[in-house]
2 protein chains.
Amino acid sequence: MTITHKLALIGFGTVGQGLAEILLAKGDELADRYGVRFQVVAVSDLLKGSLYDPAGLDLAALLDAARRTGKLHDYADPRPAREPQSGWDSLRTIRESNADTVVEISWTDVQTGQPAIDHVKAAFGSGKHAVLTNKGPVALAYRELDELAAAQGVLFRFEGTVMSGTPTIRLARSALAGCQISQMQGILNGTTNYILTQMEGGQSYADSLAEAQRLGYAEADPTADVEGWDAAGKAVILANVLMGGDLRVADVDRTGISGLSLADVEAARAAGERWKLIARVWQEDNVARASVRPTRLPLSHPLAGVSGAVNACTYTTDLLGDVTLIGPGAGRTETGYAVLGDLLEIVREA
Amino acid sequence: MTITHKLALIGFGTVGQGLAEILLAKGDELADRYGVRFQVVAVSDLLKGSLYDPAGLDLAALLDAARRTGKLHDYADPRPAREPQSGWDSLRTIRESNADTVVEISWTDVQTGQPAIDHVKAAFGSGKHAVLTNKGPVALAYRELDELAAAQGVLFRFEGTVMSGTPTIRLARSALAGCQISQMQGILNGTTNYILTQMEGGQSYADSLAEAQRLGYAEADPTADVEGWDAAGKAVILANVLMGGDLRVADVDRTGISGLSLADVEAARAAGERWKLIARVWQEDNVARASVRPTRLPLSHPLAGVSGAVNACTYTTDLLGDVTLIGPGAGRTETGYAVLGDLLEIVREA
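How each quantity is defined
Along each chain, the written sequence defines residue order, and numbers are assigned to residues from 1. As a convention, the first chain written is A and the first ligand written is 1, with the rest following in written order. Local features in a predicted model are, by the rule used here, given only for residues with pLDDT of at least 70; side-chain atom pairs are given and counted only at 80 or more, and totals for whole chains, interfaces and linings are based on all residues. Heavy atoms throughout the structure, all of them, feed into the side-chain values; hydrogens and water do not. We call a residue buried when its accessible area falls under 20% of the maximum for its residue type, exposed when it is over 50%, and partly exposed in between, using a 1.4 Å probe and counting protein chains only. Starting at the N terminus, helices and strands are each numbered in turn, a helix being any DSSP run of H or I of at least four residues and a strand any DSSP run of E of at least two. Pairing between strands is defined by DSSP: at least two bridges between the two strands are required. Convention used here: a crossover is right-handed provided that the path from the first strand, over the helix, to the second strand proceeds clockwise when the strands point away from the viewer. Whether two residues are in contact is decided by their heavy atoms: any pair within 4.5 Å suffices. In this description, a line fitted to the C-alpha atoms serves as the axis of each element, helices being fitted only across the stretch in contact, and the angle between N-to-C directions of two axes falls anywhere from 0 to 180 degrees. The term polar contact refers here to a pair of N or O atoms within 3.5 Å; inside protein, the definition further demands a hydrogen-donor-capable atom paired with an acceptor-capable atom, and it admits residues adjacent in sequence only when both atoms are side-chain atoms. Buried area is calculated as the accessible area (1.4 Å probe) missing from two parts once they are joined, with the contributions of both summed. A pair is scored as a salt bridge if a Lys or Arg side-chain nitrogen falls within 4 Å of a carboxyl oxygen belonging to Asp or Glu. The nonpolar class holds Ala, Val, Leu, Ile, Met, Phe, Trp, Tyr, Cys and Pro. Asp, Glu, Lys and Arg form the charged class, and all remaining residues, Gly among them, are polar. Superposition of the copies was done by least squares, using only C-alpha atoms of residues whose pLDDT is at least 70 in both. Only Phe, Tyr and Trp rings take part, Trp by its six-membered ring, and two of them pair if their centres are within 6.5 Å. Stacked means planes under 30 degrees apart, edge-to-face means over 60, and tilted covers everything else. Each ring is checked for a lysine NZ or an arginine CZ that lies within 6 Å of its centre and within 35 degrees of its normal; such an atom marks a charge sitting over the ring. To estimate how far a helix should reach, multiply one less than its number of residues by 1.5 Å. Take the seven residues that end at a residue and the seven that start at it, fit an axis to each, and the angle between those axes is the bend at that residue. Any angle that is under 35 degrees is reported as roughly parallel, and any over 145 degrees as roughly antiparallel; angles of 65 to 115 degrees are reported as roughly perpendicular and all others as oblique.

## Section: the pairing of strand β2 (residues 36-45) of chain A
Residues and elements named next belong to chain A.
Item 1. Most of β2 is tucked away, with eight of its 10 residues classed as buried.
Item 2. Across eight bridges, the pairing between strand β1 (residues 3-10) and β2 is parallel. Counted as the bridge partner of I10 is S44 from β2.
Item 3. Tracing the backbone out of β1, into helix α1 (residues 14-34) and back to the parallel element β2 gives a crossover that is right-handed.

Now the structure itself:
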């Protein structure tokens, strides 16, 4: 038996299109393996416009419109007599569509978490599950949103906020169920890890940063990455979600990599060590704490060998000691998969 | 609400005692977090004897008897008027006890998989779930046992057969749900990885093996480890369970590490590489294949940095590229946790 699970995508940029591509390519496989067919009934994007068809939109036509003109009013449904509703804004789409789950992937202000926080609240308020991939709303408002979801009897998932689709949160919550986690140490920002790897090869900080910018790993203003703000936001999520913390980004003891020189890198190498920007989360007197700082790791440490724009997390547990997960931390398909993994979990648990 | 889930332990050696210690230490925590209390109602061990109390045995008293004399007839229940049944053999315990799940951790012949295979069949035949940690039965008879469990509507779990409690199988099946895995490459034998790590430090193969034997990592007859048989058995499990294969251990293209010299290690180092005994499982023309062989990895490979008696597995997936899991591959508590993780999954899914 195959069930249908209806989705409203709020935002249709890289992540939304990555998800649509996955669902288009793997729809039959997912139905076969997991007994579920995900149907996109609505898309609402501030720039591209919006569509709603309670019986489901055509994914190929959606992707085609996004690629050709970037406007959803150019969506041409190949099936006869299908006229999707257009012009609904995000909140109306969330509240009035027949979606089971709202996938919140709109452009979001990292300082306020808006409009994503309001979107997620509206989803819960209308009895819908919510998935998101933007770390801001979870770093800012996890506890409030989690309590709201529980009160409404719906589910809230956000695997893509840390290490994109690499199942950092699912490993801790589900695959390591029964273990107590006393510490997590992570390479949670691929840009800085790329820069540090280049510096290991003898390139200066400035040249490595410029190369990261050329490759699209770093923004024109690289502050969020190189000063550790991005990693700090992810550390807050791990602390609050997996360790019962109640931290804000400002609570994180944070130092970036902009002060590291080639001489520092060389000194570490001479001592058999390697610099990594480590986000650390731990318990101190039953209170969750977090820090982000450049750290010299011995080469035998599992995080020392993590090179390039890759992410990793070492969990210190009571029953298994250290367990390390290494995987991608960004990418269109990778973050699209983050949403898919969350959706499969919602289908299983709802 | 807390449910009670009753267990029959078939075998009470290292793994069984490790599990009992965990349940004793963490019983309240597990009830609180997962809403389940595991109750050991029966223990049957060929050498130590057997006990059955349908209302539950006292874990501290069980562990005390095992430590003091190694005989379960010295079990002294601290609660008044509790007289457990004794003298039941394994099959009677499996069939006639009121356990929900049979934990099969008896001594088992690696060539025949017995008596574990018969124990698991008896569990399924009497409507009970089964957990085991010995790789033999799964490497020899996975498909038959899996079909039998499905036909009886019960669950079969064996996370401890590969990388002990490190959730190698659970990561693939559940945390990476939605991904297709096209290849797994693993360091699945801690003994040989310890020997190779020592050789990296300049110690000869013979001296490294002797040290591994002194530390208890290697058996007096080290053939199963150093010739790759242990890793091959685990590769068969990964191929058959996660890739739909139908391999036997004899089908694995297998080479051990006994032919590796310090000169080989040095030559790899000069090329910026490192030898690892890699178990590889992959699809070829839709058929699962497996090999175990010493492999030179570039230092940038996530498995190259895995040192000492540690295990690891890199999964190559369609949506995330490579994802690597690193963790312990042996140990009393670690393998005891493997059983606990499986039990929590059974409670969740049954």
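## Remarks on the sheet that holds strand β13 (residues 321-328) of chain B
Item 1. The strand order across the open sheet built from 12 strands is β9(A)-β11(A)-β10(A)-β8(A)-β12(A)-β13(A)-β13(B)-β12(B)-β8(B)-β10(B)-β11(B)-β9(B), with neighbouring strands paired in mixed fashion. Single-partner strands in this sheet number two, and they are β9 (253-254) of chain A together with β9 (253-254) of chain B.
Item 2. Strand contacts of helix α10 (residues 229-242) of chain A: β8 (181-187), β9, β10 (273-284) and β11 (287-298) of chain A, with the helix running at about 35 degrees to β10(A), the strand carrying the most contacts.

## Looking at the side chain of B:S164
Residues and elements named next belong to chain B.
Item 1. Summarising the element assignment, S164 is placed in the loop between β7 (156-157) and α6 (168-175).
Item 2. For S164, a relative accessible area of 3% corresponds to the buried category.
Item 3. A distance of 3.4 Å separates a polar side-chain atom of S164 from the backbone nitrogen of A330.

## Overview of the interface of chain B and chain A
Item 1. Opposite the 39 residues of chain B that make contact, chain A presents 39 residues.
Item 2. Between chain B and chain A the total buried area reaches about 3000 Å² when both faces are included, carbon and sulfur atoms providing 58% of it.
Item 3. By the criterion of area lost to chain A, the three top residues of chain B are B:L319, B:L320 and B:Y337, representing 20% of everything that side buries.
Item 4. At the junction of chain B and chain A, the tally comes to two salt bridges.
Item 5. For B:K26, the salt bridge goes to A:D318, with nearest N and O atoms at 2.4 Å.
Item 6. Seen at the junction of chain B and chain A, the total is 20 residue pairs in polar contact (both at pLDDT 80 or more).
Item 7. Listed by contribution, the elements that provide at least two residues to the side of chain B that touches chain A are α1 (14-34), α6, β13 and α12 (332-349) of chain B.
Item 8. Its residues assigned to classes, the side of chain B that touches chain A shows 19 nonpolar, 12 polar and eight charged.
Item 9. Bridge count between strand β13 (residues 321-328) of chain A and β13(B): three bridges; the pairing is antiparallel. Paired with A:I326 across the bridge in β13(B) is B:T324.

## What about the sheet that holds strand β6 (residues 129-132) of chain A?
Residues and elements named next belong to chain A.
Item 1. As summarised here, the arrangement of the seven strands in space is β4-β3-β2-β1-β5-β6-β7, forming an open sheet in which the pairing is mixed. Pairing within the sheet leaves two strands with one partner each, and these edge strands are β4 (85-86) and β7 (156-157).
Item 2. Here four bridges tie β1 to strand β5 (residues 101-104), and the two strands are oriented parallel to one another. Bridging across to β5, I10 finds its partner in E104.
Item 3. Running over the sheet, α1 touches β1, β2 and β5 and is turned about 160 degrees from β2.

## Considerations on the relation of the copies chain B and chain A
Item 1. You can overlay chain B on chain A at an RMSD of 0.0 Å; the transform is a turn of 180 degrees with a shift of 0.0 Å along its axis. Such a combination of rotation and displacement between the chain copies is what one expects of a two-fold axis. Among all residues of chain B, the one whose C-alpha sits closest to the rotation axis is B:L325, at a distance of 2.4 Å.
Item 2. Mapped onto chain A, 100% of the interface residues of chain B again fall at the interface, so both copies present the same surface.

## Considering the packing of aromatic side chains
Item 1. The full count for this structure, using the stated rule, is 10 aromatic pairs over all chains.
Item 2. Note that A:R280 overlies the ring of A:W282, its terminal NZ or CZ placed 3.8 Å from the centroid.

## With respect to the pattern of salt bridges
Item 1. As enumerated under the stated definition, the model contains 45 salt bridges over all chains in all.
Item 2. In this structure, A:R68 engages A:D64 in a salt bridge whose closest nitrogen and oxygen atoms are separated by 3.0 Å. Taken together, the positions of A:R68 and A:D64, both in helix α2 (residues 59-68) and four residues apart, correspond to about one turn of that helix.
Item 3. Using a relative accessible area of 49% as the deciding quantity, one classes A:R68 as partly exposed.
Item 4. Taking the relative accessible area as the measure of exposure, A:D64 reaches 34% and is therefore partly exposed.
Item 5. For the salt bridge of B:R37 with B:D28, the shortest nitrogen-to-oxygen distance reads 2.9 Å.

## Quick notes on α1(A)
Residue and element names in this part refer to chain A.
Item 1. Taking 1.5 Å per residue, 21 residues should reach 30 Å; α1 reaches only 25 Å between its end C-alpha atoms and comes up short.
Item 2. Bending of α1 peaks at approximately 70 degrees at the position of K26.
Item 3. One or two steps after α1, the chain reaches G35, where phi turns positive at roughly 70 degrees.

## Some words on the packing of helix α4 (residues 116-125) of chain B against helix α5 (residues 135-152) of chain B
Residue and element names in this part refer to chain B.
Item 1. The contact between α4 and α5 brings their axes to 10 Å, and the two run at 5 degrees. By the angle between their axes, α4 is roughly parallel relative to α5. Residues A116, I117, V120, K121, F124 and G125 of α4 form the contact with α5, whose participating residues are P137, L140, A141, E144, L145, L148, A149 and Q152.
Item 2. By residue class, the composition of the contact of α4 with α5 is 10 nonpolar, two polar and two charged.

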